[in-house]
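# Breakdown of the fold
Chain residues, written in single-letter form:
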Amino acid sequence: MSTDHPAEAPRLRGLLTAVLVTGPSMAPALRHGDAVLVRPGGRPIRPGDVVVAVFRTRPELLVVKRAVRPQDGGWWLRGDNELITDDSRAYGVADVRGRVVARYWPRPGRVPRPRL
């Protein structure tokens, strides 16, 4: 098998795609094991939206983070858990693949906005 091309994160297909959250970086809004529905396309991303994205420096890694601001044709992303820095602080700008519209398991509902 040829390895000419670096690994790439899977593309989101269809109207809604199920994505499983792994790790603690989005706690308390999302926890390890939460399942969310992601919509590729739709309305434009806004600061504060929870998104599924790929960091340009880590194209094989699909992540769930909160959009902070547009930057360099992509988005600056942060996790809600300030103790975890596996976000744009470590990996730079990301390209958004879709917006999280709801958590469907184990606690169905909307994803809460961060507390200020």
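None of the values given here were measured: they were computed from a predicted structure.

This next bit is on the overall build of the protein chain. For the protein chain, the count of helices and strands is one helix and six strands. When the elements of the protein chain are put in sequence order from the N terminus, they spell out β-β-β-β-β-α-β. Counting all 116 residues of the protein chain, 39% fall into the buried class. Look at the contacts in the protein chain between residues 6 or more apart in sequence, and 55% of them connect residues 24 or more apart. A total accessible area of about 7,100 Å² is found for the protein chain, and carbon and sulfur atoms account for 57% of it.

Let's shift gears to the nonpolar core. Counting 13 residues, the largest nonpolar core has L30, V64 and V100 as its most contacted members. Every element with two or more residues in this core is listed here: β2 (35-39) and β3 (50-55). Dropping the residues within four chain positions of it, L30 is found in contact with V21, V36, V50, V64, R103 and V111.

What follows is about the pattern of salt bridges. Applying the stated criterion across every chain, the model contains 11 salt bridges. Where R107 meets D34, a salt bridge forms, and the shortest distance between an N and an O atom there is 2.7 Å. Pair noted here: R107 is in the segment after β6 (94-105) and D34 is in the loop between β1 (17-20) and β2, with a separation of 73 residues, a long-range link. Looking at R107, the relative accessible area reads 27%, which means it is partly exposed.

Another point: the layout of surface pockets. Of the volumes computed, that of the largest pocket is approximately 250 Å³. With six residues, strand β4 (residues 58-71) is the single largest residue contributor to the lining of the largest pocket. Residues of the lining of the largest pocket, tallied by class, amount to 10 nonpolar, three polar and three charged. There is about 210 Å³ of room inside the second largest pocket. As for the second largest pocket, its lining consists of 13 residues, of which D49, R99, V100, V101 and V111 are closest to the centre. It is β6 that provides the largest number of residues to the lining of the second largest pocket, a total of four residues.

Among the structural elements, W75 can be located in strand β5 (residues 74-78). Sequence separation between W75 and V54 is 21 residues; the distance between their C-alpha atoms is 9.9 Å. Those residues within four positions of W75 in sequence are excluded, and the remaining contacts are I45, R46, P47, A67, V68, R69, P70, S88, V93, A94 and V96.

Conventions adopted
Residues numbered from 1 in each chain as written. Predicted model: local features only at pLDDT ≥ 70, side-chain atom pairs only at ≥ 80, totals over all residues. Heavy atoms only, no water. Helix = DSSP H or I, 4+ residues; strand = E, 2+ residues; numbered from the N terminus. Buried < 20%, exposed > 50% of the residue type's maximum accessible area, 1.4 Å probe, protein only. Contact = heavy atoms within 4.5 Å. Areas by Shrake-Rupley, 256 points an atom, 1.4 Å probe, with all protein chains shown as cover. Core = buried A, V, L, I, M, F, W, Y, C linked by side-chain atoms within 4.5 Å. Salt bridge = Lys/Arg side-chain N within 4 Å of Asp/Glu carboxyl O. 1 Å grid on protein atoms, 1.4 Å probe; cavity = no way out; pocket = protein on both sides within 12 Å on 5 of 7 lines; lining within 4 Å. Points joined across faces, edges and corners; volume = space filled by probe spheres on them. Nonpolar A, V, L, I, M, F, W, Y, C, P; charged D, E, K, R; others polar.

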